[in-house]
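# Residue-level structure breakdown
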Amino acid sequence: MSMKQSFVAAVAAIAVLGATAVGSVFAAEEAKAPANGHKYPSIEKTSADAPKQFKMSKEFMGQVQKLPPEFVQQFKKMTAKHTRYSEEATARQVMMELLSDVQCVTAGLMVENGEMAADCAIRASRHRWPKGHLLAYVKLDQINVDSLSALPKVNETVEGGLERTAEFAIKKDFVSAGAEMGKVLSGCSTCHSLFRFGKGESPHIVE
Ligand code: HEC
């Protein structure tokens, strides 16, 4: 046996042992699972049903309180279908979840699995709220009617579009579903160009 071959054989042996150990751990977890009260998979139960009240900075509250009540009402109405409130996930984490669901939609459409695409589209359109609400992750000087009035249109394009995509997908109209998804993606980037700041640049690169 060459060195390379014996290395491969050793790795294979470890992999087999590893798989057995992992398998038994999983079995134990599965046996215990019902006792913890969680029901998976579920889009109903994984986050709280009501927002936890976090203590927010004075600056943030000052900006929010300046928003006209009718604007806040409209905002609440527009987002009423989002009924899951994470107490831990940041906006970036929720966005990663959204990205993952959107990728699931496009995968479903490409292989003409309408049910898969529709499930993921509805899940994406009803994404959970991040800890402290999405507004907590927007720049302070953008918390005003002028900046935020872009949101209803963006919301219609993205969340409305995901619902329309689901309908087309269920009817197996994959061409229309794909076209609608194109609009959804343009809505994602419209919102990012307005409200997303910082791409995680390294503070260590000085020049
Ligand atoms: C209402 C505005 C809005 C919409 C609509 C929106 N996003 Fe975002 N997204 C943001 C903001 C704000 C951030 C930055 C959050 C932060 O850094 O704290 C972000 C960040 C992200 C990130 C993290 C990227 C990074 O480099 O940190 C991903 C991934 C993402 N969004 C995916 C999506 C996808 C996919 C869609 C469309 C289905 C979408 N977003 C729609 C506002 C939006």
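The structure this text deals with has already been given above.
Below you will find a few notes about this structure. (Residues numbered from 1 in each chain as written. Predicted model: local features only at pLDDT ≥ 70, side-chain atom pairs only at ≥ 80, totals over all residues.)

### A word on the nonpolar core
Grouped together as the largest cluster of nonpolar side chains are 16 residues, with contacts concentrated most on Val105, Ala117, Ala121 and Ala169. Contributing elements (two or more residues each) for this core: α4 (91-110), α5 (114-125), α7 (151-170) and α8 (174-195). Not counting residues within four places of it along the chain, the set of residues in contact with Ala117 comprises Val105, Gly108, Leu109, Ala169 and Ala177. (Core = buried A, V, L, I, M, F, W, Y, C linked by C-beta atoms within 7 Å. Buried ≥ 20, exposed ≤ 12 C-beta atoms within 10 Å, placed from the backbone. Helix = DSSP H or I, 4+ residues; strand = E, 2+ residues; numbered from the N terminus. Contact = placed C-beta atoms within 7 Å.)

### Some remarks on α8
Side chains that are three or four residues apart share a direction in an α-helix, a result of its 3.6 residues per turn. For α8, which comprises 22 residues, the first-to-last C-alpha distance of 31 Å matches the rise-based estimate of 32 Å (1.5 Å per residue) to within 8%. Among all positions in α8, only Ala177, Glu180, Met181, Val184 and Gly187 are buried. Axial view of α8: buried residues confined to an arc of 110 degrees, hence all on one face. Away from its buried face, by an angle of more than 90 degrees, α8 presents the exposed residues Val175, Gly182, Ser189 and Ser193. Tucked into the core, α8 has its buried residues touching α4, α5 and α7. (Expected span 1.5 Å × (residues − 1). Arc of directions from axis to C-beta.)

### Let's talk about the environment of Ala136
Looking at where Ala136 falls in the secondary structure, it is placed in the loop between α5 and α6 (145-148). For the pair formed by Ala136 and Met61, sequence separation is 75 residues and the distance between their alpha carbons is 9.9 Å. Not counting chain neighbours up to four residues away, the residues in contact with Ala136 comprise Met56 and Phe60.

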